[in-house]
Amino acid sequence: MKSSPLFVFLAAVLIAGCNNAPLESGVSRSLALERAAHIGNVRYELTFHLPEDKAEQVQGTEILTFSLDSRREVLLDFREGTDNIKSLRINGKEVPVNWEAEHLRLGKLPAGENTIETDFIPGNQALNRNDGYMYTLLVPALARTVFPCFDQPDLKAVFSLKLDIPEKWVAVSDGGLLSESISGGRKTLAFNDTKPISTYLFSFVAGEWSVAEDTVDGIPLHLYYRETDPQKVAQIPEVFSQVASAIRWMEDYTAIPFPFEKYDFVAIPGYQFGGMEHPGAVQFTDRRIFLNPDPSVDQLLSRSDLIAHETAHMWFGDAVTMQWFDDVWTKEVFANWFAAQITGPRFPEVDTPLSDFKKFNIPAYEEDRTEGTNAIKRSLENLSDAGLIYGNIVYDKAPVVMGMLAERMGPEAFRTGLREYLAKFLYSNADWNDLIAILDRHTPEDLEAWSHSWVTEKGMPQYSADSNGNVLQHDPWDRGLEWPQDVDVTNIGGVRLLNLSGKGYGFFEHDALSLNYAMEHIMDFERPIERISILANLYENHLDGRLPALRLANFLAGFAAAETEPLLVSTALSYLSSLAYQGGPSQRSEIEKLFETLSRNISLGQEQSAAFKSLTGFFSDPDLAEELYRVWKEQKPWIGVKLSETDYTSLAFQLAIRLPERSESILREQRARISGADRIREFDFLKPSVSPDKAVRDSVFRALLQPENRRVEPWAESALEYLNHPLRQAQALDYILPALEALQDVQRTGDIFFPKKWVAATLHGHSSPEADAIVDSFLESHTDYPPLLKDKILQAAAHGRRH
């Protein structure tokens, strides 16, 4: 909803007139509106002293300048408390620190320019300090944990940064390097002023990094990395090529040159996201940049998509930013939608409709089918909850919907509208209403009605065909909502199959005859998009109780063995793996046999290795355990299977669970095989979580309840998965309730994706009625539980069920 002048006025009266009233922690919508209406010309001059020892405190100084349109009360956001502010000067005058509810009260300041100077100690949460390196990650509203600021996206600012670091370290930030000096074993780096950016986009990375540089298609590029495997480092030229290609594609589409000073990027071990679009200092997880030897098509596409996604953000998200995080989807939708357009031409051998359906529709259904589904655009009253807005609906359903919009408008009208939008709001902020207003001028379509159904309401339509072949639409939430879209019906073999084109989005109900026909004749459909649409329909109808699990499992195994399209094989294997985790021991045992057969089938090509890795996650047969032990011990996988060092490490953890009497020797030997200090640290962190001693595992779980022990979130997630392994689920029931009780603290102290991952890692290995009862009891006894967080529980708890 676009802010009205009246609403801004009322917010201003509320805040300015109640200076002594208790403050709301976080960054409330009313506070943000009031500040955005009266504050401008914001500039931060920041200096940080970074010790080499992560146990020593980081020190910071700040000079903040901004202008006010009238005399008024001003609040700065700073979560860390009074003790972390060492001095405070307002317009040259030393003043006492007045900190309340995560804010610094500055009192009434005069109209015109004001200067705030502080010496402070940053909080550690968003500094991500590790042995030998650190990086800031401030999205969505964690800048206020690092330095006092106006931590809201629509108060963009110019940032000036200096870093005092150990001499052997290097550093990168949003601005280019301005100067460097060395003295007394320390190095001082000064960086150029940035373009106006939001606080969540400010970033720096420092530590011991290798640096690769090149100029590709006239674009200078720098990659900071810690990877030591020569085979992986050799991939850097291809990574540079993909970055440059994405930049040129976006420049051509938008008619706007690259909008920032430079494109440096960092491949970070143990990184909690896929990537983050800090302009000039983009961050990536190293595991999706440096791929294992002989990567699958899925992995190659994933890397290209990730690079293109973060590059598209330079225009959509960084140069033009949402006003408030209720519209965060407007940056993510374009990043993912454009990523698909950029990646497609780089992989001409891949069927684009098939690839798009797999990367968007299937993960979107995973959340949209659950009781925890949500609208693409959600209301948000405080930025402390902004991280909970993110999810598959934003990242995956939204691009499907945007594709519908582009098709309704036509590609040229759509591009013209987007170019107008970018030109109008460059280096500024906009909301969904601003975009729709511009696009509406370029199409006769009723975009407001279309937007209401697809963007502002939750859930997806359900479809069926009547005896005359008419398509019937139903709102599963009984609101009478109608979604405008065309759904195709294929009459064949005396049955009706819905949405074979894959263009529709929703749940497509099929009767038993249609499901049987689809399974028996799937290979008769030549187009890959038709076959993946059939796979999705079969799986969704299974979840709706229309197709028995083992019937579907046997079909999927047979299909995977016969199919030649790698993306379709991997889709079938993914569905088959999901079935293994949904059922009890008997169902899991039958699916284990299917996976073992597939894992020995060399005709699967690269997907044979994927089948093997899936099998190692849930197998229970003692004879198979001995055979896989020999594979690990001799490092001689089955013919056709290819395993990397990280694969052998995962196999060692799985064997330690199945072979408790050999657990210690297996893990000791595997540790000696590992190359790279960062991978050894990860191994040491995870090792206790697979211990045969439940007391040790209990101690690991108790440790994870403390925020300082889950700062490397991917490691914490993996540890929680091992603790709740399907073969130990009976012993792990005691972990479920405390994990749910800790979720609000996990949200407060973690990054945006971690609450959902925390719950999913806890519940994924459980398939018992007892586990379901614990979750249900928790929700029933917490009737006032925060709705955004409750949705994450409902999404994670829904494996094997539909709303």
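Residues numbered from 1 in each chain as written. Predicted model: local features only at pLDDT ≥ 70, side-chain atom pairs only at ≥ 80, totals over all residues. Heavy atoms only, no water.

A. Representation of the overall build of the protein. Looking only at helices and strands, one finds 29 helices and 27 strands in the protein. Here the C-alpha radius of gyration of the protein, 27 Å, is about what a compact globule of 803 residues would show, namely 28 Å. Each principal axis of the C-alpha atoms in the protein carries an extent, and together these give about 80 × 65 × 60 Å. With 803 residues in all, the protein has 60% of them scored as buried. Here the contacts in the protein between residues at least 6 apart in sequence split such that 71% fall between residues at least 24 apart. Surface accessibility of the protein: about 30,200 Å² in total, with carbon and sulfur atoms responsible for 50%. (Helix = DSSP H or I, 4+ residues; strand = E, 2+ residues; numbered from the N terminus. Rg over C-alpha atoms; globule rule 2.2 N^0.38 Å. Buried < 20%, exposed > 50% of the residue type's maximum accessible area, 1.4 Å probe, protein only. Contact = heavy atoms within 4.5 Å. Areas by Shrake-Rupley, 256 points an atom, 1.4 Å probe, with all protein chains shown as cover.)

B. Just the pattern of salt bridges, in detail. Per the counting criterion, the structure on display carries 56 salt bridges. When the shortest N-O distance is used, the salt bridge between Glu 251 and Arg 248 registers 2.7 Å. Of this pair, Glu 251 and Arg 248 both sit in helix 4 (residues 236-254), 3 residues apart, which is roughly one turn of the helix. (Salt bridge = Lys/Arg side-chain N within 4 Å of Asp/Glu carboxyl O.)

C. Structural context of the packing of aromatic side chains. Applying the stated criterion across every chain, the model contains 51 aromatic pairs. Sitting above the plane of the Tyr 629 ring, Arg 662 keeps its charged end 4.8 Å from the centroid. Note that Arg 710 overlies the ring of Trp 758, its terminal NZ or CZ placed 5.6 Å from the centroid. (Phe/Tyr/Trp six-rings, centres within 6.5 Å; stacked < 30°, edge-to-face > 60°. Lys NZ or Arg CZ within 6 Å of the ring centre and 35° of its normal.)

D. Just the environment of Leu 31, in detail. Mapped onto the fold, Leu 31 is located in helix 2 (residues 29-38). The exposure class of Leu 31 is buried, given its relative accessible area of 5%. In this structure, the C-alpha to C-alpha distance between Leu 31 and Leu 75, residues 44 residues apart in sequence, is 8.7 Å.

E. Structural context of the confidence of the model for the protein. Overall, the prediction assigns the protein a mean pLDDT of 95, with 97% of residues at 70 or greater. The model gives residues 1-18 a pLDDT under 50, and that stretch makes 24 contacts with residues more than four places away or in other chains. (pLDDT = per-residue confidence, 0-100.)

F. Region of the structure containing the nonpolar core. Within the largest apolar cluster, 197 residues are counted, with the highest numbers of intra-cluster contacts made by Phe 48, Phe 147 and Phe 414. Broken down by element, this core gets its largest block of residues, 11 residues, from helix 9 (residues 392-409). Excluding residues that lie within four positions of it along the chain, Phe 147 makes contacts with Tyr 44, Leu 46, Phe 48, Glu 62, Asp 77, Phe 78, Phe 120, Leu 138, Phe 159 and Phe 202. Core analysis: the next-biggest nonpolar cluster, separate from the first, contains 68 residues, Leu 500, Ile 534, Leu 556 and Leu 615 among them. (Core = buried A, V, L, I, M, F, W, Y, C linked by side-chain atoms within 4.5 Å.)

G. Summary view of the sheet that holds strand 10 (residues 133-135). With antiparallel pairing, the 4 strands of this open sheet are ordered in space as 9-10-15-12. At either margin of the open sheet sits one strand with a lone partner, and together these are strand 9 (129-130) and strand 12 (170-173). Bridge count for strand 10 against strand 15 (residues 204-207) is 3 bridges, and the pairing is antiparallel. Residue pairing in the sheet places Met 134 in a bridge with Ala 206 of strand 15. (Pairing = 2+ DSSP bridges.)

H. Fine view of the environment of Ile 342. Note that Ile 342 resides in helix 7 (residues 329-346). Each C-alpha atom of the pair Ile 342 and Asp 678 lies 32 Å from the other, and the pair is 336 residues apart in sequence. Beyond its immediate chain neighbours, meaning those up to four positions away, Ile 342 contacts Ala 246, Trp 249, Met 250 and Ala 308.

I. Main features of the sheet that holds strand 20 (residues 282-285). Read from one edge to the other, the open sheet built from 5 strands follows the order 16-17-18-20-19, with strand pairing classed as mixed. The open sheet has two free edges, formed respectively by strand 16 (210-216) and strand 19 (275-276), since each of these has just one partner strand. Running at roughly 135° to strand 17 (residues 219-225), helix 4 makes contact with strand 16, strand 17 and strand 18 (263-268) of the sheet. (Axes fitted to C-alpha atoms, helices over the stretch in contact; angles between N-to-C directions.)

J. Examining helix 24 (residues 713-723) more closely. In terms of burial, helix 24 is largely enclosed, as 8 of its 11 residues are buried. Within helix 24, the full set of buried residues consists of Glu 713, Trp 715, Ala 716, Glu 717, Ala 719, Leu 720, Tyr 722 and Leu 723. Elements that come into contact with the buried residues of helix 24 comprise helix 20 (645-658), helix 22 (677-686), helix 23 (694-704), helix 25 (729-741) and helix 27 (754-763).

K. Main features of the pairing of strand 1 (residues 39-49). Bridge analysis of strand 1 against strand 2 (residues 59-68) gives 9 bridges, and the strand direction is antiparallel. Each bridged residue has a counterpart across the sheet, and for Glu 45 the counterpart in strand 2 is Ile 63. The sheet contact formed by strand 1 and strand 11 (residues 157-166) spans 8 bridges and is parallel. For Val 42, the partnering residue across the bridge sits in strand 11 and is Ala 157.

L. Representation of the pairing of strand 11 in the model. Burial within strand 11 is extensive, with 8 of its 10 residues counted as buried. Summarising the sheet, strand 11 and strand 14 (residues 186-191) pair through 5 bridges and their orientation is antiparallel. The residue of strand 14 that forms the bridge with Asp 164 is Thr 188.

M. Just unusual backbone geometry, in detail. A cis geometry characterises the amide bond from Val 139 onward to Pro 140, with omega recorded as -5°. In this structure, Pro 140 sits in the loop between strand 10 and strand 11. Positive phi values are uncommon outside glycine, yet Asn 128 reaches one of about 50°. Mapped onto the secondary structure, Asn 128 falls in the loop between strand 8 (112-120) and strand 9. Positive phi values are uncommon outside glycine, yet Ala 255 reaches one of about 60°.

N. Fine view of the side chain of Glu 332. Considering the arrangement of structural elements, one finds Glu 332 in helix 7. Under the relative-accessibility criterion, Glu 332 is labelled buried at 2%. If sequence neighbours within four positions are ignored, Glu 332 has contacts with Glu 277, His 309, His 313, Tyr 390, Val 394 and Tyr 395.

O. Expanded view of the side chain of Ser 296. Of note, Ser 296 is situated in the loop between helix 5 (286-289) and helix 6 (297-312). In this structure Ser 296 touches Gln 606 and Glu 607, once residues within four positions along its chain are discounted.

P. Layout of the packing of helix 19 (residues 622-634) against helix 20. With their axes 10 Å apart at the nearest point, helix 19 and helix 20 run at an angle of 145° to one another. Helix 19 and helix 20 meet at a crossing whose hand is left-handed. Residue-level inspection shows Ala 625, Leu 628, Tyr 629, Val 631 and Trp 632 of helix 19 in contact with helix 20, the latter providing Tyr 648, Leu 651, Ala 652, Leu 655 and Arg 658. Each residue belonging to the contact of helix 19 with helix 20 can be placed in one class, and the counts come to 9 nonpolar, no polar and 1 charged. (Left-handed = near helix turned anticlockwise from the far one by under 90°. Nonpolar A, V, L, I, M, F, W, Y, C, P; charged D, E, K, R; others polar.)

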